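Structural overview
So you can see what is in the structure, the chains are spelled out below.
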Amino acid sequence: MTSKELVLKTMRGENPGRTPVYGWVRFELEKPITEAFGSVENFEDHYRFDMAHIFGGPGLLSREDNDEIIDMQRKGIEITPEVLLSYKFQDPTDMEGYQGVLDGMKHHRQRDRFCYVQTGGIFEPMNGFFGIENHLLYMALYPDDLMEVYRRLADWNIKNAKNLIELGVDCIHVSDDWGSQRSMLFSPAMFEEMILPLHIEMAAQCKKAGV
């Protein structure tokens, strides 16, 4: 049984005989792992990882637009939903931006690993533009403009996921942080109205594609 088959059986609730091996170690532990094993890749091979957590793909904005917004933030200019709507999201079908994913897939496919790509959700990706405190205020102050941002983002995420699926990834991992240490960052009612329907649509499109 290959690692990919092992992970798929586990996700289906079957009992393949052992638990898949995996750990997201690069972000926090790359330096000590590299000192001990030569590289994170060597560590993954040594412990026979069954899964691969891949990042990559095009950004929402062009480099020029992103730099312009960063410059505005440094000058203390508030990036509101209205301001962000004045920028055009990049074309997610431009395959040039997926080279990093392709390189990662090539490496892990040679080891028969289950490959999943982390993609953005609806709420968390906007914190980089707005700042989390402002973002939470905008949910109450500018719900219509913010919902338009969210809708544009959901459409972009779906196109991005479809491209990744066409490249052969096994799973789309949607990352979206909605909570503090004690509770949700916003009310359940806001979540159900503004965020949940878009996540349902994103998930439906991925399931429709068979991942």
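Each helix and strand in the protein chain was counted, giving ten helices and three strands. Listing each helix as α and each strand as β along the protein chain from the N terminus yields α-α-α-β-α-α-α-β-α-α-α-β-α. The principal-axis extent of the C-alpha atoms belonging to the protein chain is close to 55 × 40 × 35 Å. Residues classed as buried in the protein chain amount to 38% of the 211 residues present. Partitioning the intrachain contacts of the protein chain with sequence separation of at least 6 by distance along the chain shows that 76% fall at a separation of at least 24.

Note: strands within a sheet are paired through backbone hydrogen bonds, in either parallel or antiparallel orientation. Taken together, three strands build an open sheet; the order of strands is E1-E2-E3 and the sheet is parallel. If you trace the sheet from one side to the other, it starts and ends with strand E1 (51-54) and strand E3 (171-175), each paired once. Here the strands of the sheet are splayed against their neighbours by 30 degrees on average, with no regard to which way each runs. Alignment of strand E2 (residues 114-120) against E3, held across five bridges, turns out to be parallel. Each bridged residue has a counterpart across the sheet, and for valine 117 the counterpart in E3 is isoleucine 172. Running at roughly 170 degrees to E1, helix H6 (residues 99-109) makes contact with E1 and E2 of the sheet.

A few words now on the environment of aspartate 144. Here aspartate 144 is to be found in helix H9 (residues 143-166). Each C-alpha atom of the pair aspartate 144 and proline 81 lies 9.2 Å from the other, and the pair is 63 residues apart in sequence.

Right, let's get into the pattern of salt bridges. Scanning the entire structure with this criterion turns up 14 salt bridges. The partner of arginine 26 in a salt bridge is glutamate 30, with the nearest N and O atoms 3.4 Å apart. In this pair, arginine 26 and glutamate 30 are both assigned in helix H2 (residues 26-37), four residues apart and thus about one turn of the helix distant. By relative accessible area, which is 34% here, arginine 26 ends up partly exposed. Between lysine 75 and aspartate 71 there is a salt bridge whose closest N-O contact spans 3.1 Å.

The geometry of H9 relative to helix H10 (residues 188-208) is characterised by a closest axis approach of 10 Å and an angle of 15 degrees between their N-to-C directions. Between H9 and H10, the angle is such that the two are roughly parallel. Considering only the axes of H9 and H10, their crossing is right-handed. Of the residues in H10, those touching H9 at Pro143, Leu146, Met147, Tyr150, Arg151, Ala154, Asn157, Ile158, Ala161, Lys162 and Ile165 are Glu193, Met194, Ile195, Leu198, Glu201, Met202, Gln205 and Cys206. Tallied by class, residues from the contact of H9 with H10 come to 13 nonpolar, two polar and four charged.

Enumeration over the complete set of coordinates arrives at twelve aromatic pairs. Both rings, one in phenylalanine 130 and one in tyrosine 138, keep their centres 5.3 Å apart while their planes meet at 85 degrees; by these two values the pair is edge-to-face. Judged by relative accessible area, phenylalanine 130 falls into the buried class, the value being 5%. Taken together, the aromatic side chains of Tyr22, Phe37, Phe43, Tyr47, Phe49 and Tyr116 make up a single cluster linked through ring pairs.

A few words now on the side chain of threonine 80. Tracing the backbone through its elements, the reader meets threonine 80 in the loop between helix H4 (63-74) and helix H5 (81-85). By relative accessible area, threonine 80 is classed as buried at 14%. Every residue in contact with threonine 80, bar those within four places of it in the chain, is listed here: Phe130 and Tyr138.

Taking burial as the measure, the seven residues of E2 include six buried ones, the bulk of the element. Where E1 meets E2, four bridges bridge the pair, whose relative direction is parallel. Within E2, the position partnered with alanine 52 by the bridge is cysteine 115.

This part is about a nonpolar patch on the surface. A contiguous nonpolar surface patch, about 400 Å² in accessible area, is contributed by Trp24, Phe27 and Phe55. With respect to the helices, strands and loops of the structure, phenylalanine 55 is situated in the loop between E1 and H4.

Procedures and definitions
Residues numbered from 1 in each chain as written. Predicted model: local features only at pLDDT ≥ 70, side-chain atom pairs only at ≥ 80, totals over all residues. Heavy atoms only, no water. Helix = DSSP H or I, 4+ residues; strand = E, 2+ residues; numbered from the N terminus. Buried < 20%, exposed > 50% of the residue type's maximum accessible area, 1.4 Å probe, protein only. Contact = heavy atoms within 4.5 Å. Pairing = 2+ DSSP bridges. Axes fitted to C-alpha atoms, helices over the stretch in contact; angles between N-to-C directions. Salt bridge = Lys/Arg side-chain N within 4 Å of Asp/Glu carboxyl O. Parallel < 35°, antiparallel > 145°, perpendicular 65-115°, else oblique. Left-handed = near helix turned anticlockwise from the far one by under 90°. Nonpolar A, V, L, I, M, F, W, Y, C, P; charged D, E, K, R; others polar. Phe/Tyr/Trp six-rings, centres within 6.5 Å; stacked < 30°, edge-to-face > 60°. Patch = residues over 30% accessible without salt bridge, like charges linked within 9 Å, V, L, I, M, F, W, Y side chains within 5 Å. Areas by Shrake-Rupley, 256 points an atom, 1.4 Å probe, with all protein chains shown as cover.

In short, geometric facts, not functional conclusions.
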